[in-house]
Amino acid sequence: MPDCYRRRLGLRDMLRFWKKSSVLRPAFLNFTGRWRIGAERSWRSGVTAVETALVLPPFLLLCFGIIEVSLMHVAASNVEGQIAEAARQIKTGRIQGPAQKAAFKQAACASAFIDCEDLIVDVRSFPSFNAINFPNFVDDEGNAAGEQFNPGDGGDVVLVRAVYKYKISTPFLATILGDQGRDTKQLQAAALFRSEPF
């Protein structure tokens, strides 16, 4: 019998044999790798929590910002559309005189996105387009100041303006999107036309 088979194999030799053996190599790596994986997990266990804590707040702020700006644009489109529809009531003579201000405002608030309490309307009539002037009807705080409702008569030039105070829901975005740091944004719409000769 050769000397290599007679020699007693030590632990080091057995480990070398197991490493070189194609049959025993996966079992050896599985046995020795458990200690290494366990050691790595002990100091990497909090990495996921730290990464989540760093990434999640900006990600959520971005998501809520996209939703908030989208809702604001929807509200602005609704204000413009409803003011155009309500202005047509004046143009065709269905709403006449200062006494019908409530009816005009109700027609402008027909959308689900518009709250009548936050809508300020100003309607002025002029004899011609050259005579148009439009002073401010809303103060710096966003409150009504000097608004009128004078739809005029048939053939008059009518200027319809509206300001809607949109309430921003996301707290952190109020300082960015709001007017002068407030939690509201003024959405404006206007319509200028000559009334039909009713």
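Residues numbered from 1 in each chain as written. Predicted model: local features only at pLDDT ≥ 70, side-chain atom pairs only at ≥ 80, totals over all residues. Heavy atoms only, no water.

Participant: Quick rundown of the packing of helix H4 (residues 47-91) against helix H5 (residues 101-108)? Include the residues and the values.
Facilitator: Packing of H4 against H5 brings their axes to within 8 Å, and their N-to-C directions diverge by 145°. Seen from above, H4 lies across H5 with right-handed handedness. Contacts from Gln82, Ile83, Ala86, Ala87 and Ile90 in H4 reach Phe104, Ala107 and Ala108 in H5. (Axes fitted to C-alpha atoms, helices over the stretch in contact; angles between N-to-C directions. Helix = DSSP H or I, 4+ residues; strand = E, 2+ residues; numbered from the N terminus. Left-handed = near helix turned anticlockwise from the far one by under 90°. Contact = heavy atoms within 4.5 Å.)

Participant: Describe the side chain of Ser195, with residues and values.
Facilitator: For Ser195, the position within the fold is in the segment after strand S3 (184-194). In this view, Ser195 contacts Ile90, Lys91, Pro151, Asp153, Gly154, Gly155, Asp156 and Val158; residues no more than four positions away in its chain are not counted.

Participant: Hey, could you go over the nonpolar core for me, with residue numbers and the actual values?
Facilitator: Counting residues in each nonpolar core, the largest one holds 26 residues, and the members touching the most others are Ile90, Phe104, Leu119, Val123 and Val160. Elements with a contribution of two residues or more to this core: H4, H5, strand S1 (119-126), strand S2 (157-167) and S3. With seven residues, H4 is the largest single contributor of residues to this core. Once residues within four sequence positions are removed from consideration, Val160 is found in contact with Ile83, Ala87, Ile90, Phe104, Asp122, Val123, Ala189, Ala190, Ala191 and Phe193. (Core = buried A, V, L, I, M, F, W, Y, C linked by side-chain atoms within 4.5 Å. Buried < 20%, exposed > 50% of the residue type's maximum accessible area, 1.4 Å probe, protein only.)

Participant: Describe the pattern of salt bridges, naming the residues involved and giving the relevant values.
Facilitator: According to the stated counting rule, one finds five salt bridges in the structure shown. Salt-bridge contacts for Glu147 lead to Lys101; the nearest nitrogen and oxygen are separated by 3.9 Å. Here Glu147 is found in the loop between S1 and S2, whereas its partner Lys101 is found in helix H5, with 46 residues between them in sequence. Glu147 gets classed as partly exposed once you look at its relative accessible area, which sits at 30%. Since its relative accessible area comes to 30%, Lys101 is described here as partly exposed. Here Asp122 ties to Arg161 by a salt bridge, and the two come within 3.0 Å at their closest N and O atoms. Residue Asp122 is located in strand S1, and its partner Arg161 is located in strand S2; the two are separated by 39 residues in the primary sequence. A single burial state applies to Asp122 and to Arg161, both of which are buried. What emerges from the salt-bridge pattern is a single network uniting Asp122, Arg124 and Arg161. (Salt bridge = Lys/Arg side-chain N within 4 Å of Asp/Glu carboxyl O.)

Participant: Tell me about the state of the cysteines, and name the residues and values.
Facilitator: Summed over the entire model, instances satisfying the criterion amount to one disulfide. Put simply, Cys109 and Cys116 are joined by a disulfide, and their sulfur atoms are 2.2 Å apart. (Disulfide = S-S within 2.5 Å.)

Participant: Let's hear about the pairing of S1: which residues, and what values?
Facilitator: Most of S1 is tucked away, with eight of its eight residues classed as buried. The two faces of S1 match: Leu119, Val121, Val123 and Ser125 on one face and Ile120, Asp122, Arg124 and Phe126 on the other face are all buried. As paired elements, S1 and S2 share eight bridges and run antiparallel to each other. Each residue of the ladder has a partner; that of Ser125, found in S2, is Val158. (Pairing = 2+ DSSP bridges.)

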